[in-house]
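Here's the letter readout for the chains.
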Amino acid sequence: MQVNSRIFQDTLYLSIHGELDEHSATYARKAMDEQLRDGLFKQVIIDLSELEFMDSTGIGVMIGRYKKMKERGIPVFISNPSPHADKIFKMTAMYEIMPRIN
Amino acid sequence: MKFENQMQLKFDSLSINESFARSAVAAFCAQLNPTLDEITDIKTAVSEAVTNCVVHAYPKHLGEIEVWVGLNAQTVTIKVKDWGVGINDIEQAREPFFTTKQSDERAGMGFTVMESFMDTVSVKCEKNQGVEVVMTKKLHGKKTAVCGG
C-alpha cells in the first residue's frame, strides 16, 4: 500500500497503489490525510489505476476523505477504477458524491 | 453435500491475515479454471467475511477464524466462521449501509458486497457461539478452445 501525490494547476492527484483492505486502511487514511491537509488545490482526483484490490473497507476510507474535503468545499473525483472497483463504487452509489472522471 | 475437494484454514483474527485468507482461497479455486472476474469476486467476498470477524467478532481479545472451501463440479462453497460475540440482529446487519461502527468510517456494505459477488450467502449465529457465513458461487470458467473435426 502506497499513496503518491502531485499537484498540477489547481488539482491534487492522489494515486493509490497496492491493496486497500482493513489491514492497510489505517495507513491509507493517514497517508491521504497528510496530502489533503495543505489547501493549495481546488479539487482532488483519486487515481485508482494502480489499485490491485479493494473491498468495502476501501469505500469507508473514500467516504471519510470525501467528508473532510466537503467541509472545505473541495470536490473529490474518482478516476481509472478497475472493473472490479467500479462495481463496488456503483453498488455503493459512491459516484453520486464522488463522480467518476476519465 | 459431497465435495470433490476441500481445504481448511485456521488463523488468528489479525487484519494482516485478510490478504492471506483471500489469496489462499483464490489459489485453491484456481483448479476450476475461473475467469479473473470470478476470482476477484471470490477474493472480495472472502475479504468481507474475514474483515467482519477481525473487526466485530473479537472486540477484546484475539480469536480464531476458520475458512473452509469445498469444490463440487463447478460450484465453490466457502464457509467463514468465528467463535466471537455474534451478531445481535442478522437482518439489520445485512442491510446496506448498516454499521455498528459509524465513527470508524465504515461503509456498512460488507454483506451487500458478499451478496452481489456470490450466488448465495447465508448467515448463522447462535448466542455466544460466534457467526458462520456460508457462500456459494457457480463458476462458468474460461472458455477453452475445442478442437473440431
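To start, this report covers the structure provided alongside it. (Residues numbered from 1 in each chain as written. Chains lettered and ligands numbered in written order. Predicted model: local features only at pLDDT ≥ 70, side-chain atom pairs only at ≥ 80, totals over all residues. Heavy atoms only, no water.)

Below, the discussion takes up the overall build of chain B. From N to C terminus, chain B includes four helices and five strands. What you see in chain B, going N to C, is helices and strands ordered as β-α-α-β-β-α-α-β-β. Radius of gyration (C-alpha) of chain B: 16 Å, near the 15 Å computed for a compact globule of 149 residues. When the backbone C-alpha atoms are referred to their principal axes, chain B occupies close to 65 × 30 × 30 Å. Counting over 149 residues, chain B shows a buried share of 50%. Within chain B, counting contacts between residues at least 6 apart in sequence, those at least 24 apart form 65% of the total. In chain B, 16 positive and 19 negative side-chain charges are present, and the distance between their average locations comes to 4 Å. (Helix = DSSP H or I, 4+ residues; strand = E, 2+ residues; numbered from the N terminus. Rg over C-alpha atoms; globule rule 2.2 N^0.38 Å. Buried < 20%, exposed > 50% of the residue type's maximum accessible area, 1.4 Å probe, protein only. Contact = heavy atoms within 4.5 Å. Lys, Arg positive; Asp, Glu negative; His and termini not counted. Charge placed at Lys NZ, Arg CZ, Asp CG, Glu CD.)

It is worth spelling out the side chain of A:Ser15 at this point. If you trace the backbone, A:Ser15 turns up in strand β2 (residues 11–20). Those residues in contact with A:Ser15 that lie beyond four places of it in its chain are A:Gln2, A:Val3, A:Asn4, A:Asp47 and A:Glu50.

Residue and element names in this part refer to chain B. On inspection of all chains with the given rule, the structure shows zero disulfides over all chains. Cys 53 takes part in no disulfide bond, and the closest cysteine sulfur to it belongs to Cys 125, at a distance of 11 Å. With relative accessibility at 25%, the residue Cys 125 sits in the partly exposed group. (Disulfide = S-S within 2.5 Å.)

Residue and element names in this part refer to chain B. Residues Leu 14, Ile 16 and Leu 62 make up a contiguous nonpolar surface patch of roughly 270 Å² in combined accessible area. For Leu 14, the location among the structural elements is in the loop between β1 (5–12) and α1 (17–29). By relative accessible area, Leu 14 is classed as partly exposed at 39%. (Patch = residues over 30% accessible without salt bridge, like charges linked within 9 Å, V, L, I, M, F, W, Y side chains within 5 Å. Areas by Shrake-Rupley, 256 points an atom, 1.4 Å probe, with all protein chains shown as cover. Salt bridge = Lys/Arg side-chain N within 4 Å of Asp/Glu carboxyl O.)

A separate point is the interface of chain A and chain B. The partner chain B presents 24 residues to the 20 residues of chain A that form the contact. For the pair chain A and chain B, the summed buried area comes to about 1900 Å², and 54% of that belongs to carbon and sulfur atoms. On the chain A side of the interface with chain B, the three residues burying the most area are A:Glu22, A:His84 and A:Met91, jointly 29% of the side's total. There are six salt bridges connecting chain A and chain B. When the shortest N-O distance is used, the salt bridge between B:Arg106 and A:Glu22 registers 2.9 Å. (Buried area = accessible area lost by both parts, 1.4 Å probe.)

Residue and element names in this part refer to chain B. Here strand β3 (residues 75–82) lies mainly inside the structure; six of its eight residues are buried. As paired elements, strand β2 (residues 64–72) and β3 share eight bridges and run antiparallel to each other. Bridging across to β3, Ile 65 finds its partner in Asp 82. Bridge count for β3 against strand β5 (residues 131–138) is seven bridges, and the pairing is antiparallel. Among the inter-strand pairings, Val 80 is bridged to a residue of β5, identified as Val 133. (Pairing = 2+ DSSP bridges.)

Among the nonpolar cores identified, the biggest contains 38 residues, and B:Val69, B:Ile78 and B:Met135 are the most heavily contacted of them. Here this core takes nine residues from helix α2 (residues 36–57) of chain B, the largest share from any one element. When residues no more than four places from it in sequence are discounted, the contact partners of B:Met135 are B:Ala45, B:Val46, B:Ala49, B:Val76, B:Thr77, B:Ile78, B:Val80, B:Met114, B:Met118, B:Thr120 and B:Val121. Counting residues in each nonpolar core, the second largest holds 35 residues, with A:Met32, A:Leu48, A:Met62 and A:Ile88 among its members. (Core = buried A, V, L, I, M, F, W, Y, C linked by side-chain atoms within 4.5 Å.)

Any functional reading would require information beyond the geometric quantities listed.
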